[in-house]
Amino acid sequence: MTLPQLSKKSHGFEIVLAFVILASLRLVECEKERDGCSSNGEMFEYTAISCRKHSAILTDFGGKGDGQTSNTEAFKSAIRYLSKYARYGGAELIVPPGKWLTGSFNLTSHFTLYIHKDAVILGSQDESDYPLIEALPSYGRGRDNTGGRFSSLIFGTNLTDVVITGGNGTINGQGSPWWKKYRAKQLNNTRPYLIEIMHSNRVQISNLTLIDSPSWNVHPVYSRNVIVRGMTILAPVDSPNTDGINPDSCANTRIEDCYIVSGDDCIAVKSGWDEYGIKFGMPTKHLLIRRLTCISPDSAVIALGSEMSGGIRDVRAEDITAINSESGVRIKTAPGRGAYVKDIYIRRMNLHTMKYVFWMTGAYGSHPDDGYDPKALPIINGINYRDIVAENVTMTANLAGIERDPFTGICISNVTVGLAKKPKKVQWNCTDIEGISSQVSPRTCDLLPDKEPQKIVDCDFPNDRLPIDNVRLKICTGGRSYGAYKRV
């Protein structure tokens with residue numbers, strides 16, 4: 001086994017110290033100067049929660065970027081080796097230009113996976129390249145079927161300080177065969193996601209293009225202090241369950257500056273399914289979403305649920321653009337879900353060609369098994385929408401709570417909706433809801449009265465900052481040849 005290239009920062013002048021162990025790979029110590037640590041290496045900058053002192057390239061571990069050779073063992077070997085540097089400034093693995101076919105691999109703590117702008121990670125289409133893992137305890141079974149789950153292409157659990165980023169490099173899940181098998185009911189287990197990070201703290205996923213995931217694209221679950229930013233996520237609009245970003249039982253999460261084209265919800269906020277989510281009891285809370293652009297003709301721009309049985313609270317979304325999408329923000333729940341969706345704040349949405357602007361349903365159905373309690377009713381309260389402009393809309397709102405369990409505390413203010421050429425005759429369908437409105441056109445239903453029609457009364461949006469919004473990213477510099485170091 002050979003050792004990879006290693007780099008770290010020293011002081012005063014530029015040093016490149018290279019020595020070869022077992023003849024083929026290098027350890028390099030790199031000195032930062034104004035122009036970088038190497039005059040003959042391609043340098044690049046990126047932002048991250050942490051910069052690393054040590055670095056290696058996938059080719060150092062036998063990786064071949066020809067689009068045909070499997071690199072699963074190269075990724076595993078590289079990450080296993082670099083994990084030794086977790087206590088010594090952390091390590092970075094650079095995926096250089098090329099097409100890198102691989103199955104599932106696991107990340108490690110104090111680690112950065114950097115995907116070069118001309119690199120493409122290709123997800124294997126062979127089921128055997130994705131180990132089976134247990135169902136999530138808050139779901140009780142796989143989401144696709146009653147079996148387990150295929151491990152995600154890029155997976156990590158019980159990690160601290162992990163970064164997946166790049167120069168807008170690409171991860172292509174090659175999901176088409178998975179979609180066909182799913183539609184044909186040929187899968188006993190849940191399809192792999194592109195990126196899943198579980199039980200982790202201080203996570204960053206940024207500046208990447210994700211294409212054709214077999215199922216969900218980005219799934220942080222049971223994690224805290226998560227940043228997802230600068231992502232481009234693309235899937236055919238008829239592909240099944242290709243949700244963009246799904247924060248699931250996560251606390252203190254920031255999603256910003258993302259562009260998503262999806263066959264399902266662009267962002268789906270989750271926290272467990274029926275009795276399993278109620279028992280697990282881990283909510284998604286303190287979530288910030290901003291500067292999102294979404295195209296999703298058959299689903300929501302932002303969905304809350306339907307798996308929300310651990311609770312969802314304190315979600316703040318602003319500066320949202322949607323084009324040709326089914327609904328702006330959709331709340332999905334049902335008897336048996338229990339828990340709550342509360343303290344939701346949405347402002348500054350710009351919507352173009354929509355079926356609905358507002359959509360809430362208390363009859364979503366879809367249960368993991370027959371063990372759910374139909375008397376476990378969800379609490380939906382404190383839902384705030386303001387400053388929304390929409391055009392070419394078929395129906396302004398379809399708001400349906402649960403009989404004897406109304407959705408309460410709904411506030412909608414300063415909303416202008418332009419209708420499509422053939423709109424629904426009834427623009428507001430409201431049942432089992434309670435709330436107020438202010439300066440909304442078309443006029444709201446009687447269950448959302450405008451109590452001061454002569455002036456705008458803004459719905460709430462918090463003025464305080466969430467802790468995740470105070471996290472500032474560092475500027476890191478890396479090189480295709482000599483790794484990365486922190487800029488002081």
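Look above for the structure.
Cut-offs applied
- Residues numbered from 1 in each chain as written.
- Predicted model: local features only at pLDDT ≥ 70, side-chain atom pairs only at ≥ 80, totals over all residues.
- Heavy atoms only, no water.
- Helix = DSSP H or I, 4+ residues; strand = E, 2+ residues; numbered from the N terminus.
- Contact = heavy atoms within 4.5 Å.
- Polar contact = N/O pair within 3.5 Å; in protein donor to acceptor, adjacent residues only side chain to side chain.
- Phe/Tyr/Trp six-rings, centres within 6.5 Å; stacked < 30°, edge-to-face > 60°.
- Buried < 20%, exposed > 50% of the residue type's maximum accessible area, 1.4 Å probe, protein only.
- Core = buried A, V, L, I, M, F, W, Y, C linked by side-chain atoms within 4.5 Å.

*Asks:* Help me out: how do you make sense of the environment of S223 in this one?
*Replies:* As for its position among the elements, S223 is in the loop between β19 (218–221) and β20 (224–229). Taking C-alpha positions, S223 is 9.4 Å from T284, a pair spaced 61 residues apart along the chain. The residues touching S223, leaving out its near neighbours within four places in the chain, are I197, M198, H199, S200, S249, C250 and A251. There is a polar contact of 3.4 Å between the side chain of S223 and the backbone oxygen of I197.

*Asks:* What should I look at first to understand the packing of aromatic side chains in this one?
*Replies:* Any pair of aromatic rings gets described here by the distance separating the centres and the angle formed by the planes. The full count for this structure, using the stated rule, is 15 aromatic pairs. Ring geometry for F44 versus Y46: centroids 6.3 Å apart, planes at 35°, classification tilted. An angle of 55° between the planes, with centres 4.9 Å apart, marks the rings of F358 and Y385 as tilted. Here the residue F358 occupies a position in strand β28 (residues 340–361), and Y385 occupies one in strand β29 (residues 379–400), the gap between them amounting to 27 residues. In terms of burial, F358 and Y385 fall into one category: buried. In this structure an aromatic cluster arises from ring pairing among F44, Y46 and Y114.

*Asks:* Please clarify how helix α1 (residues 72–82) should be interpreted in this entry.
*Replies:* Note that an α-helix has 3.6 residues per turn; residues three or four places apart therefore point the same way. Counting buried positions along α1 yields eight of 11 residues, so the element is predominantly enclosed. Along α1, the residues classified as buried are T72, A74, F75, S77, A78, I79, Y81 and L82.

*Asks:* Can you help me understand the nonpolar core in this one?
*Replies:* Buried together is how nonpolar side chains tend to be arranged in soluble globular proteins. The biggest cluster of nonpolar side chains holds 94 residues, and the ones touching the most others in it are L107, L113, I171, F358, Y385 and W428. Take this core: its biggest share by element is nine residues, from β28. Discounting chain neighbours no more than four positions away, the residues touching L107 are I79, I154, F155, G156, L159, V162, I164 and I197. C51, I94, I468 and C476 belong to the second largest nonpolar core, which has 14 residues in total.

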